[in-house]
Amino acid sequence: MPAIDQQTQTELEAAAFRRLVQHLRDRPDVQNIDLMTMAGFCRNCLSKWYRAAAEEKGIPLTDPDAREIIYGMPYKEWQAKHQKEATAEQKAAFAATNPGH
């Protein structure tokens, strides 16, 4: 593995993060419940991690503001445009892979 200095590593991680966020914005057909079932995290988790990272740096950020950064629009707007009612199968798969959540 090539030696990568800390600044370059941070820049690469930031670029990968931006690409992930854009990918999730480009795929609103993939529902959060499916992401949680398959990967154990969703857009809301990502927004909470973003908010927590901001707070660690002393930057106050609300959950709605962090969600808007991740979703690319206010969360309620994204829900109205893209979120579908979870099916019984989706709910069962989620419950099986995320007990107690």
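Everything that follows concerns the structure shown earlier in this document.
Computed from a predicted structure; not experimentally measured.

## Describing the pattern of salt bridges
So, point 1. Applying the stated criterion to the full structure yields 5 salt bridges.
So, point 2. The salt bridge partner of Lys81 is Glu77, with a shortest N-O separation of 3.2 Å. Residue Lys81 and its partner Glu77 are located together in helix α5 (residues 75–82), separated by 4 residues, close to a single helical turn.
So, point 3. Linking Glu85 and Lys91 is a salt bridge whose minimum nitrogen-to-oxygen distance equals 3.7 Å.
So, point 4. Classification of Lys91 as partly exposed rests on a relative accessible area of 45%.

## Section: the side chain of Ser47
So, point 1. In this fold, Ser47 is placed in helix α3 (residues 43–56).
So, point 2. A relative accessible area of 1% places Ser47 in the buried class.
So, point 3. Ignoring sequence-local partners within four residues, the contact set of Ser47 consists of Ala66, Arg67 and Ile70.

## Notes on the packing of aromatic side chains
So, point 1. Counted under the stated rule, the structure contains 4 aromatic pairs.
So, point 2. Through a chain of ring-to-ring contacts, the aromatic side chains of Tyr71, Tyr75 and Trp78 assemble into a single cluster.
So, point 3. Above the face of the Tyr75 ring, Arg67 is positioned so that its terminal group lies 4.1 Å from the ring centre.

Thresholds, definitions, all that
- Residues numbered from 1 in each chain as written.
- Predicted model: local features only at pLDDT ≥ 70, side-chain atom pairs only at ≥ 80, totals over all residues.
- Heavy atoms only, no water.
- Salt bridge = Lys/Arg side-chain N within 4 Å of Asp/Glu carboxyl O.
- Helix = DSSP H or I, 4+ residues; strand = E, 2+ residues; numbered from the N terminus.
- Buried < 20%, exposed > 50% of the residue type's maximum accessible area, 1.4 Å probe, protein only.
- Contact = heavy atoms within 4.5 Å.
- Phe/Tyr/Trp six-rings, centres within 6.5 Å; stacked < 30°, edge-to-face > 60°.
- Lys NZ or Arg CZ within 6 Å of the ring centre and 35° of its normal.

Geometric descriptors of this kind do not, in isolation, establish any biological role.
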